[in-house]
Amino acid sequence: TSSYALPDFPYDVKCILAEKKCPDHSMRIRIIEVLQADMTKYLEGSLYPNSQQYNIVVNALLQAYPFLDEDGNGFLLWKRALKDRFKYVRRPIEDDEQVLRNKCKFGHRRGQTRKSSFAENKPDDVQMQVEIRFLEEPVHLEGSAMDVHIKWLKQEYTKTQRNWKEVDNRMNVTIEIRRKMISDKAPLKDILRLFPFLRCPYQLFREFQLLTHMDIYKKTVEILEIYSENILSLYVVRNNPINIMLQENLKRHTEEDILKYMKTTAACLLLPDVFGDDSSLFAAVNEEVKVVTPVLEVKNPFNVNSCEFALYIEREELAQLDDCTMALAALVAAFHVFDIPCPKRIHRTLSFLESLVFEQCNLLHTDPVSPHIMAGTSHLHDLEGAQTVLEILRNSSQRTA
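Along each chain, numbering runs from 1 in the same order as the chain's sequence is written. Given that the model is predicted, a residue must reach a pLDDT of at least 70 before its local features are reported, and side-chain atom pairs must reach 80 or more before they are shown or counted; all residues, however, enter totals for whole chains, interfaces and linings. The basis for every side-chain value is the complete set of heavy atoms in the structure, and neither hydrogens nor water enter the calculation.

A few words on the sheet that holds strand S1 (residues 283-285). A sheet is described by the order of its strands in space; here four strands give the open sequence S1-S2-S3-S4, paired in mixed fashion. The two strands at the open ends of the sheet, each matched to only one other strand, are S1 and strand S4 (316-321). Strand-to-strand, the axes of this sheet are offset by a mean angle of 25°, without reference to chain direction. Bridge count for strand S2 (residues 295-299) against strand S3 (residues 308-313) is five bridges, and the pairing is antiparallel. The residue bridging Leu 296 from the neighbouring strand is Leu 311, located in S3. What makes two strands pair is DSSP finding at least two bridges between them. In DSSP terms, a helix is any run of H or I states spanning at least four residues, a strand is any run of E spanning at least two, and both are numbered starting from the N terminus. Whenever a helix is involved, its axis is fitted only over the stretch in contact; in every case the axis is a line through C-alpha atoms, and angles between N-to-C directions fall within 0 to 180 degrees.

Right under this line is the structure:
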């Protein structure tokens, strides 16, 4: 797939792209439809591209037309839209052998779609009581106006092709009531029932950015780019089962992008062991999730075609994720967005990550209790335990730069 070339777009699409104009919603759909059809043809009829294949196609699009990378979030936006299109195409094809095989693999029954993780069969009047209870208190907008936005978001979430710009606008408008619910410790299932788009990784990252002015996904990419090789070279992880599994799988591949993907995945999963933390509070690898705090579920981490990453909170799946980079970003974002206290046995790992995300590395020497890195997250405070390892990683990365 690394030799992928963009298709010849229809004339009307070419005209818009030639003028370097940002396409409207309908034109974006046209572009995605063409890319999806071309990908299916290129992959010899496959309806299940892997994450790497999505990445290559979206990267090709943005390299050819950089103006499509809106506000630096274009990659995630276009990748998400392309994935949505494949879901839409797969939905009516019940008899396609590959669709049936993958539905069995991912737990679908024939003719049914997977239920949302927190979906509950509660009567509508109970749901409305929950909504009314949280809309009674005024938050700049009148309750009725807020209700309109929330109802629209809930309806839009059920659609296959969503108007993401409008989703962004309405999530902006409703952020204050959302933050109030979270600060008042409303049940997570109620928050997600009113704001189901928080299940989407992009919206989780966007919420994080609205709160912190930091692009968590971009920062996570940078962190793993800089530190992955150095993490894998540490003596403490040499005999770790994850590292052993990695070494066995590296022998089976020669493609540079696959080798890099595997090493990045391993480095991500090894982070808690580097800092002497409890890895079960970070990721459940090929096993059942057992903790209630945000944690990753990882299956077949080194199989490019069948690996699965998901974020769990309260032992329920919140979001499916493309790869370890997105998974790590989602894990850090979840603690912040939902204001969940960090367990003591994983705090060194998350302190390391947040110190890099918020570019607070200098505080390791002067202020081990970095207060108010972000409102409501001072529980991620004890950086002292991570100081030595971070210094080793930083010095090593400088030598190899």
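Running from N to C, helix H12 (residues 216-233) and helix H15 (residues 324-337) point in directions that differ by 125°, and their axes come no closer than 9 Å. Regarding the angle of H12 to H15, the classification is oblique. Here H12 and H15 pass one another in a crossing that is right-handed. Here Ile 216, Tyr 217, Thr 220, Val 221 and Leu 224 of H12 come into contact with H15, specifically with Thr 325, Met 326, Leu 328, Ala 329 and Val 332. Roughly parallel means an angle under 35 degrees; roughly antiparallel means over 145; roughly perpendicular covers 65 to 115; every other angle is labelled oblique. By the definition used in this description, the sense in which the near helix is turned from the far one sets the handedness, with an anticlockwise turn below a right angle giving left-handed and a clockwise turn giving right-handed. Any two residues whose heavy atoms approach within 4.5 Å are treated as being in contact.

Glancing now at the packing of helix H2 (residues 25-42) against helix H4 (residues 74-90). Between H2 and H4, the least distance of the axes is 9 Å, while the angle of their chain directions is 65°. In terms of orientation, H2 lies roughly perpendicular with respect to H4. As H2 runs across H4, the sense of the crossing is right-handed. From H2, Arg 28, Ile 31, Ile 32, Glu 33, Leu 35, Gln 36, Met 39 and Thr 40 reach across to H4, where they touch Leu 77, Trp 78, Ala 81, Leu 82, Arg 85, Phe 86 and Val 89. Three classes are used, and their members are as follows: Ala, Val, Leu, Ile, Met, Phe, Trp, Tyr, Cys and Pro are nonpolar, Asp, Glu, Lys and Arg are charged, and the others, Gly among them, are polar. Its residues placed into classes, the contact of H2 with H4 shows 10 nonpolar, two polar and three charged.

Put simply, a nonpolar core is a bunch of buried Ala, Val, Leu, Ile, Met, Phe, Trp, Tyr and Cys residues held in one set by side-chain atoms that sit within 4.5 Å of each other. Exposed residues in this analysis have more than 50% of their type's maximum accessible area, buried residues have under 20%, and partly exposed residues fall in between, with area computed by a 1.4 Å probe over protein chains only. Counting 116 residues, the largest nonpolar core has Leu 82, Phe 195, Phe 205, Leu 311, Leu 321 and Phe 338 as the members making the most contacts within it. The element contributing the most residues to this core is H15, with 12 residues. Those residues in contact with Leu 82 that lie beyond four places of it in its chain are Ile 32, Leu 35, Gln 36, Met 39, Tyr 54, Val 57 and Val 58.

On to the packing of aromatic side chains, then. Pairs were defined over the aromatic rings of Phe, Tyr and Trp, the Trp ring being its six-membered one, requiring ring centres within 6.5 Å. Orientation was assigned from the angle between planes: stacked under 30 degrees, edge-to-face over 60, tilted for the rest. Counted under the stated rule, the structure contains nine aromatic pairs. Ring centres of Tyr 54 and Phe 86 lie 5.8 Å apart, and the angle between their planes is 85°; on these two criteria the pair is classed as edge-to-face. Here Phe 86 lies in helix H4 and Tyr 54 lies in helix H3 (residues 51-64), a separation of 32 residues in the sequence. Between the aromatic rings of Tyr 157 and Phe 197, the centroid separation amounts to 5.2 Å while the plane-to-plane angle is 85°, which identifies the pairing as edge-to-face. Taken together, the residues Tyr 157 in helix H7 (residues 143-157) and Phe 197 in the loop between helix H10 (188-194) and helix H11 (201-212) connect sequence positions 40 residues apart. An aromatic cluster is built from Phe 9, Tyr 65 and Phe 67, whose rings are joined through pairwise contacts. For a ring to carry a charge above it, either NZ of a lysine or CZ of an arginine must fall within 6 Å of the ring centroid while also lying within 35 degrees of the normal to the ring plane. Across from the ring centre of Phe 195, 4.8 Å away, lies the NZ or CZ of Arg 178, which sits over that ring.

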